[in-house]
Structures are given as structure tokens and as C-alpha cells.
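Tertiary structure, described
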Amino acid sequence: MTGGPTTPGAGHTAAGKAAAHTEAHTGGDADGDIRFHAALKAFEGRPAATAGRGKDPVNEVMIRHWCEAMGDANPAYTGPDAIAPPTMLQAWTMGGLSGHTGRSGAYDELLALLDGAGCTSVVATDCEQEYLRPLRPGDTITFDAVIESVSARKTTKLGTGHFVTTRMDVHADGRLAGTHRFRILKYAPAGTRATPRPASVPQRPRPVINRDNQGFWDGVREHRLLIQRCTACATLRFPWLPGCNACASPAWDTVEASGAGTVFSYVVMHHPPFPAFDPPYAVAVVELAEGVRLVTNITGVPYDKVRIGLPVQLEFLRVDDTLELPVFRGEAG
Ligand code: ZN
């Protein structure tokens, strides 16, 4: 579906709520920030869409398709007294592939202002709907949307930017039937703007060590990659588990991997950026000569030279004072 005026799709990079906190302004042009925020606030209350008209009246065909897609067999949505599923509210306002005319300039102006400030990415964060009365086949839909609020500058895991909330009032045959609030975050992706960086360097995540895998991490500390072996049926297993998948025996010992392996599969991480990681980088499933596989990083070759079947050799990467990890070095060339 192509969104209406309040559902920009371009540059959509991630779903879900973006947790935010107010950023402490520790540097830069404070007066400029205040002026910019005032310019953003001036958009509050301005129309995002005026006198919009639904392209189709509320109708049984769209209701049936919706219910099939949602797997919703509620009998209220079929038959002579059918109502539309309340959560279809926005569907009646959408412009489809051909879009709507009559979109207000204010919303585009606001997005352009944010683009100009480096907030070129957008992610939909959440929506809230309120239903005042049911919609029924035959109802004619009109709607207006207003820019309800523009937040102060916030820092999220995705980057720094501003939350923009629009409220759409949906009318059926001239009477208010529901409201649809839609929130986006327009942001500068982390690392692309001269925001003050935290003083501490983010750490790579720590492994979760428990009594089932303690022996593996003890081995890593001694620069040995230990594979579990079932002492009942001799099946090797990795990662470490309390029992054998082949025969269910809880008895095991270990064999030390020779360190030789090949890349069984891999991905190259570009996005999203995680603290302590520097994309792009390759994450690989390496098949050891012993036959088991593990997820690891490939070193020694550029990320774009990693290939399935690439011979690799175990080495230990000192990440920081308290973390060492088994990784695999590929042979360049
Ligand atoms: Zn076994």
C-alpha cells in the first residue's frame, strides 16, 4: 500500500518503536538550536492534508480482502448489517499507487526543513487510533490531517532527530468517525552528523556464560576451541548443550578443534549500525574440519572478498581487556 500524506515510505529503514531520551546539548550553536526548534514548532497546528476524499466508499470487497489478509473471521464484518473492521480506518483514506491530490504543502515543507538539517532518514514509530462510530458499506469518507506536534531534538539508537505526530480526523458522510495519530522519527543516522559522541567507547556485547557453556569459554581463555562430544554415541555438537541431540545422553567430553575450516555461509552487515561494530563487516557460519559449524567473524580478508567455501583458520581476537573471541582468518587473494 502506498501511504497517504501521513505515511511517508521513502527511506523507511526499520520498524518498531524507537526509544528516545532528550539529548543534552553539550556543544554546538545553542542559539541556532533554539531558532531551529522554534521553526519546527511553528508547524504545529498547520494542515498536513485538507479536504481529502477516500477513493472508494466503504465497501464489502475491501472489507473481505482485509479480513482475509488479517485472518479475522468476526461475523460482524459480513452479512447485511456488516460494519468495517475499526482498524481499517486508515485504509479508507489511502491514496493507493496513484496517490492523492490536495496534499498540503506544510507537511512537505516540514520534512524538507528536517532534511536540510541532516535528518534525511525516516522511520514510522507508532500509531494510535480512536473509533467514534462504526463505518458501514456505502459510507463516503473524507478526512483532514493536521501536524499535531514536533518534538524537541531526541537521540535514539537509530540517530538524532525529531518526532513528528500528525492527527487525521476521518469523517463518514460528514460526521467524525475516528481519529488516526501517526508518528514518525525524522533523523540523522547515527554517525552521519556532528553530534557529540559519548566519551566511553561502546563495548561489544559480552557472551552469556552459564554452566552449560562454561567449558567452552574456559577453552577460549586457553586459546583452545573445544567441541563437545557425546561419550555414548560419539556425536560432536556445537554450540554447547547439556545433552546429545542424537541419543539424549547427558554424558560428554571434549575434543579440541584443529582450527581448520571453510566458510559455509555468510552475510555482510551494513545496517543497522550497532555500537562497537564498524559496518560493513562479514558474519560467517564456519564449518570446522570436524564437521560442526559456528557463527563467527572473518578476519584477514575484506568483507567483500568473503565467499562460500573460503578456507579459514582459527585465531583468537583480543577485543578488549576482558573479552577474547574465536574468529577465523581467511586467506587473501
Ligand atoms: Zn549421543
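One can find the structure itself at the top, above this paragraph.
In short, a report on the structure. (Residues numbered from 1 in each chain as written. Predicted model: local features only at pLDDT ≥ 70, side-chain atom pairs only at ≥ 80, totals over all residues. Heavy atoms only, no water.)

**Quick word on unusual backbone geometry**
Note that the residue after Phe238, namely Pro239, is joined by a cis bond; omega there is 0°. With respect to the helices and strands, Pro239 occurs in the loop between strand S9 (236–237) and strand S10 (252–256). Cis peptide bonds are those with omega within 30 degrees of zero, and the linkage from His271 to Pro272 qualifies with 0°. For Pro272, the position within the fold is in the loop between strand S11 (260–269) and strand S12 (281–288). (Helix = DSSP H or I, 4+ residues; strand = E, 2+ residues; numbered from the N terminus.)

**What about the layout of surface pockets?**
There is about 600 Å³ of room inside the second largest pocket. Those elements that provide at least two residues to the lining of the second largest pocket are helix H4 (214–221), S12, strand S13 (293–299) and strand S15 (323–330). Ranked by residues supplied to the lining of the second largest pocket, first place goes to S13 with four residues. Both domains that furnish three or more residues to the lining of the second largest pocket are identified here as domain 2 (209–255) and domain 3 (257–333). (1 Å grid on protein atoms, 1.4 Å probe; cavity = no way out; pocket = protein on both sides within 12 Å on 5 of 7 lines; lining within 4 Å. Points joined across faces, edges and corners; volume = space filled by probe spheres on them. Domains from an automatic or database assignment.)

**Things to note about the sheet that holds S9**
The sheet built from three strands is open, its strands ordered S9-S8-S10 with antiparallel pairing. Every interior strand has two partners, whereas the edge strands, S9 and S10, have only one. Where strand S8 (residues 226–230) and S10 come together, five bridges link them in antiparallel fashion. Among the inter-strand pairings, Cys230 is bridged to a residue of S10, identified as Trp252. (Pairing = 2+ DSSP bridges.)

Function-wise, these values are silent; they only describe arrangement.
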